[in-house]
Amino acid sequence: MGLELYLDLLSQPCRAVYIFAKKNRIPFELRTVDLLKGQNHSDDFVQVNPLRKVPALKDGDFTLAESVAILLYLARKYEAPDHWYPQDLQARARVDEYLSWQHTALRMSCTRAMWQKMMFPVFLGQRVPPETLANTLAELDRCLQLLEDKFLKDQDFLAGPHISVADLVAITELMHPVSAGCDIFKSRPKLAAWRQRVEAAVGEDLFREAHAVLMKAKDLPPADTAVKERLKPLAQLFL
Amino acid sequence: MGLELYLDLLSQPCRAVYIFAKKNRIPFELRTVDLREGQHLSDAFAQVNPLQKVPVLKDGDFVLTESVAILLYLARKYKVPDHWYPQDPQACARVDEYLAWQHTALRRNCLRALWHKVMLPVFLGELVSPETLAATLAELDMALQVLEGKFLQDKAFLTGPHISLADLVAITELMHPVGAGCQVFKGRPKLAAWRQRVEAAVGEALFQEAHEVILKAKDSQPADPTLKQKMLPKVLAMIQ
């Protein structure tokens, strides 16, 4: 059995891994793990990742969790072009800096924004207090400002003149609130221009393919009681 | 000007960077940024890091934040022994996996344990309800279970037979609740044994030196009202 990637394209880190693998023509078996259906709790999947999260990688007997670790593993093993994770000491440090910062910054606010604006009301039929949503969107705005001022600055991409894994991780995060109807690129021309460059570098078709599941999330039929119960603990994290 | 490291040893990520640099005899100027004095909020420090956080590395004109990025930069630039961040792809991936997981797991819980148990009441004069503290300590307990069950298992160190960056980052995190008086190693003999190995690998003297400040955290002087006003919202955002 060759490389297997356990993914749900609803999840931002899964999209980054998917795009990276596809873009670099890395051969893999896609193992879809439907989070909303609770497939991350199946006995089979728990063997792959006891933490029950996606993405997860299985390469023979070797299993690996955490999208950042997976991206770097793939980049090294399949000798992806240098710009994805540059050899140059300082350029690489810039990528590492972004990949580190984003865990507790952009990722959190993008996840919360998407769940509070869309998944709670539409899918789970749960009301989100307007104040909570307003705070979340304000925090998202603050992160976007940092993304522009500290990372992007006047560069073409987040860590320099070329696309890197940092851009992949960032763009897939930003599509989360976009799918919920947050117009985050409006009034942010710098970020909008960066988005175009990233999409062009990835390839429009692949970008669209990776985001198809996400963009249809708003049309999901309301969850039944069993699903609501099962998602309760997960959902509490995002409020 | 050579390498400068802007640190406050009150902070876990700063301790990891400090230990790593000292252990590997990396020459640097220590620039202390006293968080409890609010020095990270000064205009001078904002010139170094507009995000007003530590640790920060300054190497000539090159400024770098985020402890994981700093550790990796130092490991590569100073060509430290392989075990810290192995060349072997799978061994390396295990370190990356830990370094990624810890941000929103162990780090978050250790930080909250220190602030809920000691720093909010003692330093900022803010009451923390027993329920909040209990919930925080319960979450910490769960993270410790994952640390033992998924990462350490029956290995000598978190990612294999030798100490790596993962162990440094983890041990400095765990010293946070220890500094707050939490007995994280009690009833966890596996973790306690791992701690001994890490301390031995780092060197007892260096380990103690790096942890002097955190072990005295409960003796923090209360912040003056002006500083408290500036710091409280930032602290609450940091530990959410």
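Residues numbered from 1 in each chain as written. Chains lettered and ligands numbered in written order. Predicted model: local features only at pLDDT ≥ 70, side-chain atom pairs only at ≥ 80, totals over all residues. Heavy atoms only, no water.

Asker: How would you summarise the overall build of chain A if you had to cite specific residues and measurements?
Answerer: Looking only at helices and strands, one finds ten helices and four strands in chain A. Counting helices and strands in the order they occur from the N terminus, chain A gives β-α-β-α-β-β-α-α-α-α-α-α-α-α. On C-alpha atoms alone, chain A measures out to a radius of gyration of 18 Å, which is about the 18 Å that the 2.2 N^0.38 rule sets for 239 residues. On the principal axes, the C-alpha backbone points of chain A span a range of 50 × 50 × 30 Å. In chain A, which comprises 239 residues, the proportion classed as buried is 54%. Taking the intrachain contacts of chain A between residues at least 6 apart in sequence as the baseline, contacts between residues at least 24 apart amount to 73%. Placing the 31 positive and 31 negative side-chain charges of chain A at their respective mean positions leaves the two points 3 Å apart. (Helix = DSSP H or I, 4+ residues; strand = E, 2+ residues; numbered from the N terminus. Rg over C-alpha atoms; globule rule 2.2 N^0.38 Å. Buried < 20%, exposed > 50% of the residue type's maximum accessible area, 1.4 Å probe, protein only. Contact = heavy atoms within 4.5 Å. Lys, Arg positive; Asp, Glu negative; His and termini not counted. Charge placed at Lys NZ, Arg CZ, Asp CG, Glu CD.)

Asker: Just give me the short version of the UniProt feature "domain: GST C-terminal" (unreviewed entry) in chain A, but keep the residues and values in it.
Answerer: In the numbering adopted here, UniProt assigns the feature "domain: GST C-terminal" (unreviewed entry) to residues 88-222 of chain A. For residues 88-222 of chain A, helix accounts for 70% and strand for 0%, while the C-alpha atoms at its two ends are 49 Å apart. (UniProt positions renumbered as here; feature names shortened; annotations may be inferred.)

Asker: For the domain arrangement of chain A, give the residues involved together with the corresponding values.
Answerer: Residues and elements named next belong to chain A. The assigned domain composition of chain A is domain 1 (3-80) and domain 2 (84-238). Here domain 1 and domain 2 have C-alpha centroids that lie 19 Å from each other. A per-residue breakdown of the area domain 1 buries against domain 2 is headed by Gln-12, Ile-19 and Leu-36, which together make up 29% of the total. At the surface where domain 1 touches domain 2, the tally comes to zero salt bridges. Our count for the domain 1 to domain 2 interface comes out at 13 residue pairs in polar contact (both at pLDDT 80 or more). Of all elements in the fold, only α1 (12-23) and α3 (67-77) reach the threshold of two or more residues within the side of domain 1 that touches domain 2. Take the side of domain 1 that touches domain 2: its biggest share by element is nine residues, from α1. Residues of the side of domain 1 that touches domain 2, tallied by class, amount to 13 nonpolar, three polar and six charged. (Domains from an automatic or database assignment. Buried area = accessible area lost by both parts, 1.4 Å probe. Salt bridge = Lys/Arg side-chain N within 4 Å of Asp/Glu carboxyl O. Polar contact = N/O pair within 3.5 Å; in protein donor to acceptor, adjacent residues only side chain to side chain. Nonpolar A, V, L, I, M, F, W, Y, C, P; charged D, E, K, R; others polar.)

Asker: Lay out the interface of chain B and chain A with the relevant residues and their values.
Answerer: The partner chain A presents 27 residues to the 27 residues of chain B that form the contact. Buried area between chain B and chain A, both sides added, is near 2,500 Å², and the carbon and sulfur share of it is 64%. Looking at the side of chain B facing chain A, the largest losses of area belong to B:Leu51, B:Phe62 and B:Arg76, adding up to 20% of the total buried there. The interface formed by chain B and chain A includes two salt bridges.

Asker: Tell me about the UniProt feature "domain: GST N-terminal" (unreviewed entry) in chain A, residues and numbers included.
Answerer: Within this structure's numbering, the places UniProt gives as "domain: GST N-terminal" (unreviewed entry) are residues 1-82 of chain A. For residues 1-82 of chain A, the helix share is 35%, the strand share is 21%, and the end-to-end C-alpha distance is 28 Å.

Asker: Talk me through the pattern of salt bridges; I want residue IDs and the actual numbers.
Answerer: Considering all chains together, one arrives at 29 salt bridges over all chains under this definition. Taking the shortest distance from any N to any O, the salt bridge between B:Arg76 and A:Asp96 comes out at 3.0 Å. Taken together, the positions of B:Arg76 in helix α3 (residues 67-77) and A:Asp96 in helix α4 (residues 89-101) put the pair across two chains. Taking the relative accessible area as the measure of exposure, B:Arg76 reaches 22% and is therefore partly exposed. Salt-bridge contacts for A:Glu199 lead to A:Arg195; the nearest nitrogen and oxygen are separated by 2.6 Å. Of this pair, A:Glu199 and A:Arg195 both sit in helix α8 (residues 189-202), four residues apart, which is roughly one turn of the helix. For A:Glu199, a relative accessible area of 8% gives the class buried. When salt bridges that share partners are traced, they join A:Glu4, A:Glu29 and A:Arg31 into one network.

Asker: Could you give an account of the sheet that holds strand β4 (residues 62-65) of chain A, naming the residues involved and the relevant values?
Answerer: Residues and elements named next belong to chain A. Spatial strand order, β2-β1-β3-β4: four strands in an open sheet with mixed pairing. Two strands bound the open sheet, and with one partner strand each, they are β2 (29-32) and β4. Strand-to-strand twist across the sheet, computed as the mean angle between neighbouring axes with direction ignored, equals 20°. For strand β1 (residues 3-7) and strand β3 (residues 56-59), the ladder comprises four bridges, and the chain directions are antiparallel. When the sheet's bridge partners are listed, Glu-4 is paired in β3 with Lys-58. Here α1 sits on the sheet in contact with β1 and β2, set at roughly 145° to β1. Taken strand by strand, α3 contacts β1, β3 and β4, and its axis lies near 130° from that of β4. (Pairing = 2+ DSSP bridges. Axes fitted to C-alpha atoms, helices over the stretch in contact; angles between N-to-C directions.)

Asker: An account of the side chain of B:Gln102 is needed here, citing residue identities and associated values.
Answerer: With respect to the helices and strands, B:Gln102 occurs in the loop between α4 (89-101) and α5 (106-123). Excluding residues that lie within four positions of it along the chain, B:Gln102 makes contacts with B:Val68, B:Arg107, B:Arg108, B:Val169 and B:Glu173.

Asker: Explain the state of the cysteines to me, and be specific about the residues and the numbers.
Answerer: Under the counting rule described, the total for this entry stands at zero disulfides over all chains. Lacking any disulfide linkage, A:Cys110 is separated from the closest cysteine sulfur, that of A:Cys143, by 7.5 Å. (Disulfide = S-S within 2.5 Å.)

Asker: Quick rundown of the domain arrangement of chain B? Include the residues and the values.
Answerer: Residues and elements named next belong to chain B. In terms of domains, chain B is made up of domain 1 (3-84) and domain 2 (89-239). On a C-alpha basis, the centroid separation for the pair domain 1 and domain 2 is 18 Å. Each partner contributes residues to the interface: domain 1 has 25 residues there, and domain 2 has 32 residues. In this assembly, domain 1 packs against domain 2 so that about 2,500 Å² is buried in total across both faces, 70% of it on carbon and sulfur atoms.

Asker: Provide a residue-level description of the sheet that holds strand β4 (residues 62-65) of chain B, including the pertinent values.
Answerer: All names here are of chain B. Strand order in the open sheet formed by four strands is β2-β1-β3-β4, with mixed pairing between adjacent strands. This sheet does not close on itself; its edge strands, each paired only once, are β2 (29-32) and β4. Going across the sheet, the axis of each strand differs from the next one's by a mean of 20°, ignoring polarity. By the bridge criterion, four bridges tie strand β1 (residues 3-7) to strand β3 (residues 56-59) in an arrangement that is antiparallel. Opposite Glu-4, over in β3, you have Lys-58 as the bridge partner. Strands β1 and β2 of the sheet are contacted by helix α1 (residues 12-23), whose axis makes an angle of about 145° with β1.

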